[in-house]
Amino acid sequence: MLSFNNLSLRRGSNLLFQSVSFTIHKRNKVGLVGANGTGKTSLFKMIQGEFESDTGDFNYPPDLRISCLDQEVPGSEELALSYVLSGDHKLANIQNAIKKAEKEEDYAALGDLHSQFEDHDGFSAKSRAEQLMVGLGFTESDFSKALNDFSGGWRVRLNLAKTLMQPSDLLLLDEPTNHLDLDTIIWLGNWIKSFQGALLLISHDREFLDECVDHIAHIHNQQIELYSGNYTQFEARKAARLAELESNYNKQQREIAHMQSFVRRFKAKATKARQAQSRIKALERMELIAPAHIDSPFSFNIPETDKISNPLLTLEGAELGYTTSIVSDVKVSFRPGDRIGLLGVNGAGKSTLVKSLNGDIDLLDGLKREGKNLVVGYFSQHQVDDLDLQKNAIQHIQSIDEKATEAEIRNFLGGFNFRDNKAKDSIKHFSGGEKARLALAKIAFRKPNLLLMDEPTNHLDMDMRQALTVALQDFGGAILLISHDRHLLANTVDEFLIIDKGKLSRFNGDLEDYRTLILKGSVNNESVKDKKEAISKLQKKEVKSIKTNIISLEKTLKRLQRKLSEVNDKLNSPDSYNEDSGNNLHDLLREQVNLISEIENAEQEWLELNQKLDESV
């Protein structure tokens, strides 16, 4: 359907692609991936005729209907619903022709036009447009608002609805999830699954790509290679290719060992069986993904303060909002090690809660208690927008600690890929992703013990998202995370809170449960409400026995893991291979195998007991 033959494309002096050939067939859904600046958006513009190739050509049927998402929508007095309906250009032309024929009393033409209107499903158009708007988070009262009444992010949503409204054989979507929340992304992924045409999708959202595409087009070294399968399958192939070099293979083994260690640590401390199973599944997938990112330019951690309070921050009976309460009677406490994801529909009050915790908004009522050693690291788009554009990256970090040397700061910033002149350049020319990275670097440099993260992955590419995920996994303080990135949520949080109908409560399910609720058109937590309200299936004595066994198993796991660590240290020591060391190498290897087996058996028993406990309360 869309064929590229020996294509080369240059923008200015920059050669983007050279001698590229591949074909997209009817109904193929293709994810277009590559580092920032490799030409993804330029390829879209060439397909739309805005750019011409330097050499080669691309072909498509003359009657191919192409619909493309524009990132910017100018304000006007046009009503939102009318704007979305205008996406169907043919229908709009028929309607204009009907108006003209009615005005001119051309009844012969009217009959034919009304027939065309019916053939084009004109009578259902308004209903279809409204369904698209509701799916993208708009309410009925928004239908009659002018474009000028919406912020830039909501105008992009309107443009997405208009794009989806247009009948098309090829849909071009460039970062469609940038201004969407988790609920809307789930809806959009489901819509794309039912789309009958071909799709070219640019996205840095791994879960969204996995949901939506069956091919990956990878831009790398001025080439475009087409792979069958989703993004996760592409990463596995990329990891295998990188492993062909021994130096890369050794790096991959270190990354895998790091992830395996984290999985074991998580299994030893998780508390909710269903959520633990979901998290373990996500973490084990991280073991497969990690080797594909060893060539990433990002590698950093987020150190926490030496001194810490318990609890770090508490709200009691809090009323949250600006002038009137949006979320009422909030009772929540954050302790070291808490890792919480915050769910809720757009406008429910998620950002209001985070701002209230950070002190940007005063409580309307209730109490807020801060621990003596509380240090908050707060990320939001506001922090990105407030960066001093006249300063460079080094100066931004120096403003936090004037005693830090330039060498220390450069070493720190290198982990965020601000190296050499990039660290000294004014940030006024930074991209949105670079500014977001700098804002995250400033948070990490403060050594917080409570992270409040409101959509930290906006504008970040795949490698940076992966590095942030690993950094949050290793963070020892508490985390409250709002994110539309399901991969980040699945791999960094242990439990979820949800804001629904003005109340904050625990969500006793995982992201798959939440997805099911969204697609059913309801996020009412009643369907997964705390089973403690139900009649206990086991006597209290049995529940107490299960809890005792769990505690005992956790102690056993810690002891076994400590012994395994000691054996591994001996095996890693060159002295162990010396006959005079007193260590029997075969005995050490046998003990290592036995300990790993004992740990696996104990972990399985721990999971089964937690599952039984979860079902009983």
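1. Quick word on the layout of surface pockets
In this structure, the largest pocket encloses a volume near 1100 Å³. Forming the walls of the largest pocket are 45 residues, and the residues nearest its centre are Ala35, Asn36, Lys40, His204 and Asp461. Contributions of two or more residues to the lining of the largest pocket are made by strand 3 (29-33), helix 1 (40-47), strand 8 (215-220), helix 9 (231-242), helix 16 (432-445) and helix 17 (462-474). Take the lining of the largest pocket: its biggest share by element is five residues, from helix 9. Put simply, the second largest pocket is a space of about 780 Å³. Around the second largest pocket sit 28 residues that line it, and Asn346, Ser351, Asp454, Glu455 and Asn458 are the ones nearest its centre. Of all the secondary-structure elements, those providing two or more residues to the lining of the second largest pocket are helix 6 (152-165), helix 12 (350-358), strand 14 (376-379) and helix 13 (381-385).

2. Quick look at the pairing of strand 8
For strand 8, a buried count of five out of six residues is recorded, marking the element as mostly surrounded by other parts of the structure. Bridge count for strand 3 against strand 8 is four bridges, and the pairing is parallel. For Leu32, the partnering residue across the bridge sits in strand 8 and is Ala217. Sheet topology places strand 8 next to strand 9 (residues 223-228); six bridges connect them, and they run antiparallel.

3. As for the environment of Ser144
In this fold, Ser144 is placed in the loop between helix 5 (125-135) and helix 6. A relative accessible area of 54% places Ser144 in the exposed class. A C-alpha to C-alpha distance of 6.5 Å links Ser144 and Leu81, two positions 63 residues apart in sequence.

4. So, empty space enclosed by the protein
Following the criterion strictly, the structure yields two cavities of 30 Å³ or more and no others. Considered as a void within the structure, the largest cavity measures approximately 60 Å³ in volume. Lining the largest cavity, in full, are Asp181, Leu182, Asp183, Leu342, Leu343, Gly344, Lys350, Glu455, Ile482, Ser483 and Tyr514. Contributing elements (two or more residues each) for the lining of the largest cavity: helix 7 (182-194) and strand 12 (339-343).

5. Quick word on the nonpolar core
One finds Leu413 and Phe416 to be the most contacted residues of the largest nonpolar core, which totals 50 residues. If you tally residues by element for this core, the top one is helix 16, at eight residues. Those residues in contact with Phe416 that lie beyond four places of it in its chain are Phe298, Phe300, Arg437, Leu440, Ala441, Ala444 and Met464. Counting 47 residues, the second-largest nonpolar core is a separate cluster that includes Tyr83, Leu110, Phe208 and Val213.

6. Regarding the pairing of strand 12
When you tally the buried positions in strand 12, you get five out of five residues, the bulk of the element. Here strand 12 runs beside strand 16 (residues 478-482); their pairing, made up of three bridges, is parallel. In the sheet register, Arg339 faces strand 16, and the bridge partner there is Ile479. Sheet topology note: the strand 12/strand 17 (residues 495-500) ladder contains four bridges and is parallel. Residue pairing in the sheet places Ile340 in a bridge with Glu495 of strand 17.

7. Concerning the environment of Arg437
Mapped onto the elements of the fold, Arg437 is located in helix 16. Residue classification places Arg437 among the buried residues on the basis of a relative accessible area of 11%. A C-alpha to C-alpha distance of 9.4 Å links Arg437 and Thr457, two positions 20 residues apart in sequence. In this structure Arg437 touches Phe298, Phe416, Asn417, Phe418, Leu460 and Met464, once residues within four positions along its chain are discounted.

8. Re the sheet that holds strand 1 (residues 2-11)
Pairing is antiparallel in the open sheet, where three strands are placed in the order 2-1-4. Two strands bound the open sheet, and with one partner strand each, they are strand 2 (14-24) and strand 4 (55-59). Mean inter-strand twist for the sheet, computed between neighbouring axes without regard to direction, equals 25 degrees. Bridge analysis of strand 1 against strand 4 gives four bridges, and the strand direction is antiparallel. Note that in strand 4 the partner of Ser3 across the bridge is Asn59.

9. Here we look at the pattern of salt bridges
Opposite charge on two side chains allows them to pair when their charged atoms are near. Considering all chains together, one arrives at 13 salt bridges under this definition. With its nearest N and O atoms 2.9 Å apart, the salt bridge here joins Arg486 to Glu211. You can see Arg486 sitting in helix 18 (residues 486-492) and its partner Glu211 sitting in helix 8 (residues 206-212), a full 275 residues away along the chain. With respect to burial, Arg486 and Glu211 carry one shared label: buried. Close ionic contact of Arg506 with Glu495 constitutes a salt bridge, the shortest N to O distance being 2.0 Å. Of this pair, Arg506 sits in strand 18 (residues 503-507) while Glu495 sits in strand 17, and the two are eleven residues apart along the sequence. Looking at Glu495, the relative accessible area reads 21%, which means it is partly exposed.

10. Looking at the packing of helix 5 against helix 7
It is at 9 Å that the axes of helix 5 and helix 7 come closest, and there the two elements cross at 135 degrees. Taken together, the axes of helix 5 and helix 7 are oblique relative to one another. On the side of helix 5, the interface is formed by Gln131, Leu132 and Gly135, while helix 7 contributes Thr184, Trp187 and Trp191. The class makeup of the residues in the contact of helix 5 with helix 7 is three nonpolar, three polar and no charged.

11. Section: unusual backbone geometry
For the bond from Asn310 to Pro311, the omega torsion is 5 degrees, close enough to zero to count as cis. Among the secondary structure elements, Pro311 is positioned in the loop between helix 11 (273-289) and strand 10 (313-321). One non-glycine residue, Arg27, lies in the positive phi region at around 75 degrees. Looking at the element boundaries, Arg27 is found in the loop between strand 2 and strand 3. Classification of Arg27 by relative accessible area gives partly exposed; the value is 48%. Unlike most non-glycine residues, Asp420 shows phi in positive territory, near 55 degrees.

12. As for the packing of helix 6 against helix 7
One way to put it is that helix 6 packs onto helix 7 with a least axis distance of 13 Å and a crossing angle of 10 degrees. Classed by the angle they form, the pair helix 6 and helix 7 counts as roughly parallel. The hand of the helix 6/helix 7 crossing is left-handed. Touching Arg157, Leu160 and Leu164 of helix 6 are Thr184, Trp187, Leu188 and Trp191, all from helix 7. For the contact of helix 6 with helix 7, the class distribution of residues is five nonpolar, one polar and one charged.

Parameters at a glance
- Residues numbered from 1 in each chain as written.
- Predicted model: local features only at pLDDT ≥ 70, side-chain atom pairs only at ≥ 80, totals over all residues.
- Heavy atoms only, no water.
- 1 Å grid on protein atoms, 1.4 Å probe; cavity = no way out; pocket = protein on both sides within 12 Å on 5 of 7 lines; lining within 4 Å.
- Points joined across faces, edges and corners; volume = space filled by probe spheres on them.
- Helix = DSSP H or I, 4+ residues; strand = E, 2+ residues; numbered from the N terminus.
- Buried < 20%, exposed > 50% of the residue type's maximum accessible area, 1.4 Å probe, protein only.
- Pairing = 2+ DSSP bridges.
- Core = buried A, V, L, I, M, F, W, Y, C linked by side-chain atoms within 4.5 Å.
- Contact = heavy atoms within 4.5 Å.
- Axes fitted to C-alpha atoms, helices over the stretch in contact; angles between N-to-C directions.
- Salt bridge = Lys/Arg side-chain N within 4 Å of Asp/Glu carboxyl O.
- Parallel < 35°, antiparallel > 145°, perpendicular 65-115°, else oblique.
- Nonpolar A, V, L, I, M, F, W, Y, C, P; charged D, E, K, R; others polar.
- Left-handed = near helix turned anticlockwise from the far one by under 90°.

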